[in-house]
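Here is what each chain is made of, one letter per residue.
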Amino acid sequence: MALIRRAAECLRAGGLVAFPTETVYGLGAHALDRLAVQRVFAAKERPSNDPLIVHVAAIDDIDPLVVDIPRLARELAARFWPGPLTMVLRRSERVPDEVTAGLGTVAIRVPSHPIAQALLRCAQLPIAAPSANRFSRPSPTRAAHVVADLGDRIDMILDGGPTRVGLESTVIDLTSHPPAVLRPGAVDSGALRAVIPDVRFGPDRAEGGTAGLPAPGMLPKHYAPVTPLTLFEGDRTTAIREMVRAAQHHLDRRQSVGILAFAGDLEQLRGLRVHFLDLGSESDPAAVASRLYAVLREGDELGVDTLLARNITTDHPLSTAIQDRLRRASTHRTQSDRS
Ligand code: TXA
Ligand code: MG
């Protein structure tokens, strides 16, 4: 635990520490230290109007950060914390504007990863942590991704191996009425509806729970790879047929092609002279989620002219979040439903 102690000291001194959470790696800074938080934005090249999530060890630690804790927040915390749910609540004066981008609210989460928990408990600080990627790169799900994006810009990286979930937390705004999911994630709509029957999906621009702005993570193209990615949506048979046609079209023009393919599609794609990257089995969305960002990065590393992928069609709690991230990563989308 000497490493955790060193990391905690580094945070207390205003340093930047990347650490694993169950979702993705975070780039942590002392949340109440303005200068440290400014360094997070500089390292990531993140625009200052994109607020950060504050991580705490347990719900008892949120009192100094918020002005009131609605009953619903306690219910959600009892059900989903520690875990991949972020709640947007009214902030207290103690939270610096740098963290919240000047909003009247603050996003808070209790991560479940043992290293994140150990770090929070050792440092005894709220830790502001966005995903530890350079702005507009896929979130890091392995320590090597953090090294690639930020290695020379931060003080320490705690390597906890690949993260389990692989997609960022679900963000829910409890300051709007009814509460609104600003970003789909591992805590799915069904689980939230069980606690909040009238929960909305997508930001409410009219009511201004978040000053009328969508969460910046909701901006299209937030996670885009450098190589253009065309996403084929809709039923499997038609999407595969369209994808094969598109691949052939590029190959005829002597362009190199990479396909992010589900294992079950390979049989039908065999024979195409393209690079394949394995998204895993479509019938196992948890496995697809955990490797999605690594595969998007590998897609860029192929150095091909274009990337193609088919969106997941299975009905599973994680499918909405996977679909959302693949859409954001894509430069073009085609809808190929037979209906
Ligand atoms: O799983 C996760 O949430 C990871 C790990 C490290 O915890 N963190 C993460 O942070 O994904 P980041 O900064 O990449 O995404 C935070 C999202 C952004 O979409 C941001 O706009 C939104 O949370 N957010 C933060 N504070 C907010 C606020 N006060 N109101 C509305 N949205 C907010
Ligand atoms: Mg991010």
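All chains use their own residue numbering, which begins from 1 and follows the written sequence. In the order they appear in the text, chains get letters beginning with A and ligands get numbers beginning with 1. Predicted model: local features are reported for residues with pLDDT of at least 70 only, side-chain atom pairs are reported and counted for 80 or more only, and whole-chain, interface and lining totals are derived from all residues. For side-chain calculations, the full set of non-hydrogen atoms in the structure is used, while hydrogens and water are omitted.

Colleague: Explanation requested: the pattern of salt bridges in the structure shown.
Modeller: Side chains that differ in charge, positive against negative, can pair when their charged atoms come close. Between Lys or Arg on one side and Asp or Glu on the other, a salt bridge is scored when a side-chain nitrogen of the former is within 4 Å of a carboxyl oxygen of the latter. As enumerated under the stated definition, the model contains 21 salt bridges in all. In this structure, the salt-bridge partner of E22 is R109, at a minimum N-O distance of 2.8 Å. One end of the pair, E22, is in the loop between β1 (17-20) and β2 (25-30); the other, R109, is in strand β5 (residues 105-109), and 87 residues separate them in sequence. By the burial criterion, E22 is buried, and R109 matches it. With a closest N to O distance of 2.3 Å, R71 and E75 form a salt bridge. Highlighted residues: R71 and E75, both in helix α3 (residues 71-80), separated by four residues, approximately one helical turn. Accessibility here uses a 1.4 Å probe with only protein chains present; expressed as a share of the type maximum, an area under 20% marks a residue as buried, one over 50% as exposed, and anything in between as partly exposed. Classification of R71 as exposed rests on a relative accessible area of 62%. Residues participating in the shared-partner salt-bridge network are R137, D149, R297 and D300. Only DSSP runs of H or I reaching four residues or more are called helices, and only runs of E reaching two or more are called strands; each is numbered from the N terminus.

Colleague: Can you walk me through the pairing of β2 in this structure?
Modeller: Burial within β2 is extensive, with six of its six residues counted as buried. Taken together, the four bridges between β1 and β2 define a ladder with antiparallel strand orientation. Looking at β2, one finds that P20 is bridged to Y25. Note on pairing: DSSP must find at least two bridges between two strands before they are called paired. When β2 meets strand β6 (residues 127-128), the two strands line up antiparallel, connected through two bridges. Among the inter-strand pairings, H30 is bridged to a residue of β6, identified as I127.

Colleague: I keep staring at α3 and nothing clicks. Help me out?
Modeller: Residues that lie three or four places apart on an α-helix share one face, since the helix turns once every 3.6 residues. Taken residue by residue, α3 has L72, A73, L76, A77 and F80 as its buried positions. The arc enclosing the buried residues of α3, seen along the axis, measures out at 135°, which places them on a common side. Opposite its buried face, α3 presents the exposed residues R71, A78 and R79, each directed more than 90 degrees away. Residues are treated as being in contact if the distance between any of their heavy atoms lies within 4.5 Å. Lining the buried residues of α3 we find β4 (85-90), β8 (170-173) and α7 (189-195). Each C-beta atom gives one direction from the helix axis, and the arc is the one those directions make.

Colleague: What am I meant to see in the nonpolar core here?
Modeller: In a soluble, globular protein the nonpolar side chains are often hidden away together inside. Counting residues in hydrophobic clusters, the biggest one holds 46 residues, and the most contacted among them are L27, L76, L85, M87, I172 and L174. Counting only elements with at least two residues in this core, the list comes to β2, α2 (34-44), α3, β4, β5, α6 (143-150) and α7. Other than its neighbours up to four places away in sequence, L174 contacts L72, A73, L76, M87, V88, L89, P179 and I196. Throughout, nonpolar core names a set of buried Ala, Val, Leu, Ile, Met, Phe, Trp, Tyr and Cys residues whose side chains join them through atoms within 4.5 Å.

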